[in-house]
Amino acid sequence: MKRHRLAFVGAGRIADVHYASIQAMPARAELVAFCESRPEAVVERQSQWAVPGFESFDRMLREVDPDAICLFLPHDKHLEYVTAAARAGKPVFMEKPVAGTREDARKIVEVVEKSGIQLLVTHTGLFHPAFQQIVEFVRKGWLGRPLFAKGTSAGWLTFRPWDFRLSREQTGGGCWVDAGGHLVYCLREIFGEVESVTGYIAKLSRPEMEGEDHAAATLRYRSGALAQLFVSYGHKLPGYQHDWPIGYLNSIEISGDKGAVQYVISPEPRVSYFSEVAEAMPEEWQGWLTHQPPEGYGYSFQAAMAHFLDCLDSGTKPRVTAEDGLAVLDTLLRLYDHCNSEARVL
Ligand SMILES: NC(=O)c1ccc[n+]([C@@H]2O[C@H](COP(=O)([O-])OP(=O)(O)OC[C@H]3O[C@@H](n4cnc5c(N)ncnc54)[C@H](O)[C@@H]3O)[C@@H](O)[C@H]2O)c1
């Protein structure tokens, strides 16, 4: 197995989490350089990570020639850097969402297809063993036909002074397009494609954000199933003064015609199952069967990185493609389309 030489583009909040993943797999990957547009961050990260930092992506490629590029950027920058990485023939590990607009996302799909590079959109939650068990539970028929889901992603996000989430242009919206995707991509695994989206977005408690700080959506799937999703960056839950995932509730409840699952993703993962299918539950079991997965939510990031490295080793297509990213983004943007068409603008 090769030790892959990775370069980061964007050295903000999430770069720390991915840096920790790489540090946990030293035989598989190393950070060899990074590129960042804030000069003060270049200085700070160079001393913290002990690798060269650049303000120019092209110069970084010329001087370091990394094996693969990791994009941890505002959403409106994704197309530019996927295009530059593809031109250099470099595989891309890219934070979600695939882009901030459908137009950019479609162009990214095209660039990946034409260049043949490997690209993983980090729909991180899919990689957590607890979520994989839920998918397995459904696949075995223990939930029966999936009928309804309720998803929550709510907390008080602590904004960094440079945080791109304050800008509508850089995110493509507000909290919904930034955080709603985690709920949407998980439910897509269970329910399939979405037929229609309705709901509301609102600016209620974070005046520093240009986009919405609250969103409540109802999704109808092609199968006929329904989901209600709630996303907020302005909820004060216990521990809200700390950084994510403390003080942040991420959860999904799914019910089918034979059972139900409750999945708390953060702050601490917990899964409860119920099924009327005898094989699914211990003998004579009554009520919910609950367990606490040993891996914290942060493990998802490491598992996603490990998967990307597997793909580099084997030359195979990553599990979450740009097309998957486009499908999820399209669902997210449909809430904005709906709100605009109903003149429910902020
Ligand atoms: N999977 C998850 O759970 C999760 C969690 C947080 C963030 N994210 C995603 O990660 C990405 C980054 O989020 P973040 O929280 O790190 O944001 P951030 O604002 O903290 O960091 C972005 C960094 O990119 C830098 N930057 C901006 N334009 C640049 C350019 N042209 N070239 C180089 N650097 C540039 C900024 O200076 C900043 O340091 C986003 O796509 C976000 O949606 C995912």
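Residue indices begin from 1 for each chain and proceed along its sequence in written order. Reporting in this predicted model follows two pLDDT cut-offs: at least 70 for local features of residues, and 80 or more for side-chain atom pairs to be given and counted; totals over whole chains, interfaces and linings ignore these cut-offs and use all residues. To get the side-chain values, take all heavy atoms of the structure and skip hydrogens and water.

(A) Just unusual backbone geometry, in detail. A cis geometry characterises the amide bond from K96 onward to P97, with omega recorded as -15°. What counts as a helix is a DSSP run of H or I of at least four residues, what counts as a strand is a run of E of at least two, and both are numbered from the N terminus. Mapping P97 onto the fold places it in the loop between β5 (92–95) and α5 (102–115). The amide bond that connects S266 to the next residue, P267, takes the cis arrangement and shows omega of 10°. Note on placement: P267 falls in the loop between β12 (259–266) and β13 (270–275). One non-glycine residue, D65, lies in the positive phi region at around 45°.

(B) Seen up close, helix α2 (residues 39–49). Partly exposed describes any residue whose relative accessible area lies between the buried limit of under 20% and the exposed limit of over 50%, with all areas from a 1.4 Å probe on protein chains only and scaled to the type maximum. For α2, every residue scored as buried is listed here: A41, V42, R45 and W49. Along the long axis of α2, the arc covered by the buried residues comes to 105°, so they all point the same way. Away from the buried face of α2 by more than 90 degrees, exposed residues V43 and S47 are located. Throughout, the arc means that of the directions going from the helix axis to the C-beta atoms.

(C) View of the sheet that holds strand β14 (residues 289–291). The eight strands are arranged β8-β9-β10-β7-β11-β12-β13-β14 in an open sheet whose pairing can be described as mixed. With one partner strand each, in any of the chains shown, β8 (194–202) and β14 form the two edges of the open sheet. For this sheet, the mean angle separating the axes of adjacent strands, direction not counted, is 10°. In this analysis, strands are considered paired if DSSP registers two or more bridges between them. When β8 meets strand β9 (residues 214–221), the two strands line up antiparallel, connected through eight bridges. When the bridges of β9 are listed, Y200 appears paired with A216. Orientation is described by axes fitted as lines to C-alpha atoms, over the contacting stretch for helices, and by angles from 0 to 180 degrees between their N-to-C directions.

(D) Structural context of the side chain of H18. Note that H18 resides in helix α1 (residues 13–23). Among the residues examined, H18 registers a relative accessible area of 0% and is labelled buried. By the criterion applied in these results, polar contacts are pairs of N or O atoms within 3.5 Å in which, for protein atoms, one can donate a hydrogen and the other can accept it, and in which residues neighboring in sequence qualify only through two side-chain atoms. A distance of 2.7 Å separates the side chain of H18 from the side chain of E95, its partner in a polar contact. By definition in these notes, contact holds between two residues if any of their heavy atoms fall within 4.5 Å. Contact partners of H18, with chain neighbours within four places excluded, come to F8, F72, F93, E95 and F301.

(E) Quick look at the site of the ligand. Close to the ligand lie 26 residues, the nearest being I14, E36, R38, K96 and R165. For the ligand, whose accessible area on its own is 850 Å², the fraction buried by protein is 93%. Among the elements of the structure, α1, α4 (78–87) and α8 (175–191) are those that each provide at least two residues to the shell around the ligand. For the domains described, the bounds stem from an automatic or database domain assignment. In this structure, the shell around the ligand is formed jointly by two domains, domain 1 (4–124 + 301–321) and domain 2 (125–295 + 330–341), each of which donates at least three residues. One heavy atom suffices: a residue is near a molecule or strand as soon as one of its heavy atoms comes within 4 Å of it. The method behind every accessible area is Shrake-Rupley, applied with a 1.4 Å probe, and residues are considered shielded solely by the protein chains displayed.

(F) How the structure looks around the domain arrangement of the protein chain. Taken domain by domain, the protein chain consists of domain 1 (4–124 + 301–321) and domain 2 (125–295 + 330–341). Relative to domain 2, the C-alpha centre of domain 1 lies at a distance of 26 Å. With 21 residues of domain 1 at the contact, the number on the domain 2 side is 27 residues. Every case where a carboxyl oxygen of Asp or Glu lies within 4 Å of a side-chain nitrogen of Lys or Arg is listed as a salt bridge. Our count for the contact surface shared by domain 1 and domain 2 stands at six salt bridges.

(G) A look at the pattern of salt bridges. Within this structure, the stated rule accounts for 27 salt bridges. In this structure, R45 engages D16 in a salt bridge whose closest nitrogen and oxygen atoms are separated by 2.8 Å. Taken together, the residues span a long stretch of sequence, with R45 in helix α2 and D16 in helix α1 at a distance of 29 residues. For R45, a relative accessible area of 5% corresponds to the buried category. Taken together, the shared-partner salt bridges in this structure form one network comprising R13, K96, R160, D163, R165, D178 and D243.

(H) Focus on the environment of I22. One can find I22 in helix α1. Through-space distance from the C-alpha of I22 to that of A306 is 8.8 Å; in sequence the pair is 284 residues apart. Those residues in contact with I22 that sit more than four places away from it in its chain are L6, F8, A29, E30, L31 and M305.

(I) Broad picture of the packing of aromatic side chains. Two rings belonging to Phe, Tyr or Trp (six-membered ring only in the last case) form a pair when the distance between their centres is within 6.5 Å. Interplanar angles under 30 degrees mark stacking, angles over 60 mark edge-to-face geometry, and anything in between is tilted. What the rule picks out here adds up to 14 aromatic pairs. Seen in terms of ring centroids, F57 and Y81 are 5.4 Å apart; in terms of plane orientation they differ by 85°. Their pairing is edge-to-face. Taken together, the positions of F57 in helix α3 (residues 57–64) and Y81 in helix α4 put the pair 24 residues apart, joining distant regions of the chain. For the residue pair F57 and Y81, the accessibility class agrees, reading buried in each case. When the ring of F131 is compared with that of Y263, the centres are 6.3 Å apart and the planes differ by 25°; the resulting orientation is stacked. Placement of the pair is F131 in helix α6 (residues 129–139) and Y263 in strand β12, with a sequence separation of 132 residues. For the residue pair F131 and Y263, the accessibility class agrees, reading buried in each case.

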